[in-house]
Amino acid sequence: MKPAPFEYHAPESVDDVAGLLAEHGDEAKPLAGGQSLVPMLALRLTRFAHLVDLNRVAALRGVSRDNGSLTVRAMTTQAAVERDAEVARAVPLLARATPLIGHFQIRNRGTVGGSLAHADPASEYPAVALALDATFELVSKSGTTRVAASDFFEGTWQTCIDAQQALVAVHFPVWGGRCGFACEEVARRAGDFALAGAVAAIEVDDAGAVRRAAVGLFGLGPTPLRAHAAEAELIGEPPPTPDGYRALGQLAMRDADPVDDVHASASYRRRVGAHLVARTLASAVEEARQAHDPPGAARAR
Ligand SMILES: Cc1cc2nc3c(=O)[nH]c(=O)nc-3n(C[C@H](O)[C@H](O)[C@H](O)COP(=O)(O)OP(=O)(O)OC[C@H]3O[C@@H](n4cnc5c(N)ncnc54)[C@H](O)[C@@H]3O)c2cc1C
């Protein structure tokens, strides 16, 4: 099948993107890497009279670090994130989640902004952004708005971005101190979307007790989710025992809300999800305990 006819726009500035979105409203859609939007158009699952291609807007690409946060502009490709040494240093969770996204051909075209705006509940980046309390920067003709990750994801493939707004950047807090990070998932084949997945970020204090904990779930609900109960159970405590990690995995599933579908049952997803939480927590805590305070690291608390 071919997409329904559309008018193609190739603006070169953020102002022009905002102008086109204001002019065409619900009839327009931003086009980023096209890895999700183009198949949906080609299968006629969706149609738009105007496509606003973001690929020529140079100001939407790149990564920079400033004041305890890492800014990733929306059109930065997943492949660029994967290769960026600053991302690996500043936000290791983002770097470690990236190779799990599709295949390298998809990561070469797919963008950070596209993945977050598409908001597939089985995607890695939304869970990373939610776990790390990232902030989303949206632009429209009437100005710039910043939205917390906890307010950004509203449902399956639904975010708070309105038809006149474009996502221009995502700001990830840089964790300082003795930290560890992990991301794991189970998929039917390498490169497939996850059936279930978990990310964990841990900071320990000088005595090795958990000072800060963030656990994100993907493929385990209609949106990415935080495992708040498991996080609360960890904070202020010494590293759990193997049984303790298993119990935390079970506890995390209290915050999960998986579905039955053709790929897996909800109960399978819960079982796998509990194991993945236990494993990511164990490896993040261990990494944090082995870590030394990086010189000059900002304590982002
Ligand atoms: C075979 C296959 C396997 C895949 N596996 C995975 C996987 O395992 N994990 C995973 O996370 N993803 C996976 N993907 C999806 C891939 O990561 C896409 O890159 C991503 O979902 C969309 O990014 P994109 O840049 O291609 O966006 P597009 O497809 O261009 O756009 C996606 C949506 O986001 C909107 N959008 C894009 N950018 C903006 C912006 N700046 N502002 C506002 N709205 C915007 C578009 O309008 C559209 O609605 C897979 C895709 C394929 C084809």
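About the cut-offs
Residues numbered from 1 in each chain as written. Predicted model: local features only at pLDDT ≥ 70, side-chain atom pairs only at ≥ 80, totals over all residues. Heavy atoms only, no water. Near = heavy atom within 4 Å. Polar contact = N/O pair within 3.5 Å; in protein donor to acceptor, adjacent residues only side chain to side chain. Areas by Shrake-Rupley, 256 points an atom, 1.4 Å probe, with all protein chains shown as cover. Helix = DSSP H or I, 4+ residues; strand = E, 2+ residues; numbered from the N terminus. Nonpolar A, V, L, I, M, F, W, Y, C, P; charged D, E, K, R; others polar. 1 Å grid on protein atoms, 1.4 Å probe; cavity = no way out; pocket = protein on both sides within 12 Å on 5 of 7 lines; lining within 4 Å. Points joined across faces, edges and corners; volume = space filled by probe spheres on them. Salt bridge = Lys/Arg side-chain N within 4 Å of Asp/Glu carboxyl O. Buried < 20%, exposed > 50% of the residue type's maximum accessible area, 1.4 Å probe, protein only. Domains from an automatic or database assignment. Axes fitted to C-alpha atoms, helices over the stretch in contact; angles between N-to-C directions. Parallel < 35°, antiparallel > 145°, perpendicular 65-115°, else oblique. Left-handed = near helix turned anticlockwise from the far one by under 90°. Contact = heavy atoms within 4.5 Å. Phe/Tyr/Trp six-rings, centres within 6.5 Å; stacked < 30°, edge-to-face > 60°. Lys NZ or Arg CZ within 6 Å of the ring centre and 35° of its normal. Pairing = 2+ DSSP bridges.

Draft legend 1. Fine view of the site of the ligand. Near the ligand there are 29 residues, and of these Pro30, Gly34, Leu37, Thr111 and Ser123 occur at the shortest range. One of the backbone N or O atoms of alanine 32 is found 2.9 Å from an oxygen atom in the ligand. A total of 970 Å² of accessible area belongs to the ligand in isolation, and the protein chains cover 89% of it. Broken down by element, the residue count for the shell around the ligand peaks at four residues, all from helix α7 (residues 112-118). In the shell around the ligand, the residues fall into 13 nonpolar, 13 polar and three charged.

Draft legend 2. Main features of the layout of surface pockets. Roughly 1200 Å³ of volume is contained in the largest pocket. Lining the largest pocket are 46 residues, with Ser36, Leu37, Gly114, Ala117 and His118 positioned closest to its centre. Looking at the lining of the largest pocket, the elements that each hand over two or more residues are β2 (28-31), α2 (37-42), α7, α8 (124-131), β9 (158-159) and β10 (166-173). When the residues that make up the lining of the largest pocket are grouped by side-chain class, the tally is 21 nonpolar, 18 polar and seven charged. Approximately 610 Å³ is the volume attributed to the second largest pocket. Residue lining of the second largest pocket: 26 residues in total, with Asp120, Ala122, Trp157, Asp261 and His263 positioned closest to the centre. Split into classes, the residues belonging to the lining of the second largest pocket amount to 14 nonpolar, six polar and six charged.

Draft legend 3. Representation of the pattern of salt bridges in the model. By the definition in use, this model includes 14 salt bridges. As a salt-bridge pair, arginine 89 and glutamate 86 come within 2.9 Å of each other at their nearest N and O atoms. On the criterion of helical spacing, the pair formed by arginine 89 and glutamate 86 is a turn pair, its members being three residues apart in helix α4 (residues 85-90). According to the relative accessible area criterion, glutamate 86 is partly exposed, its value standing at 23%.

Draft legend 4. A look at the domain arrangement of the protein. One can read the domain layout of the protein as domain 1 (7-52), domain 2 (62-173) and domain 3 (178-290). Using only C-alpha atoms to locate each centre, domain 1 and domain 3 end up separated by 36 Å.

Draft legend 5. A look at the packing of helix α11 (residues 242-252) against helix α12 (residues 266-290). Look at α11 against α12: their axes get within 7 Å of each other, and the N-to-C directions meet at 130°. The pairing of α11 with α12 is recorded here as oblique in orientation. α12 is crossed by α11, and the crossing has right-handed handedness. Contacts from Tyr245, Arg246, Leu248, Gly249, Gln250 and Ala252 in α11 reach Ala274, Val277, Ala278, Leu281, Ala282 and Val285 in α12. Residue composition of the contact of α11 with α12, by class: nine nonpolar, two polar and one charged.

Draft legend 6. Quick peek at the packing of aromatic side chains. Tallied over the full model, the rule gives four aromatic pairs. Taking the ring centre of tryptophan 175 as reference, the NZ or CZ of arginine 212 above it sits at 3.8 Å.

Draft legend 7. Region of the structure containing the sheet that holds strand β12 (residues 196-204). Spatial ordering of the open sheet is given by β11-β12-β13-β14, a layout of four strands whose pairing is antiparallel. Each having just a single partner strand, β11 (178-186) and β14 (225-226) make up the two edges of the open sheet. Relative to β14, strand β13 (residues 210-218) runs antiparallel, the two being bridged by two bridges. Its bridge partner being in β14, glycine 216 is matched across the sheet by arginine 226. Sitting on the sheet, α8 is in contact with β11, β12, β13 and β14, with an inclination near 150° to β13. With respect to the sheet, α12 is in contact with β11, β12 and β13, its orientation differing from that of β11 by roughly 155°.

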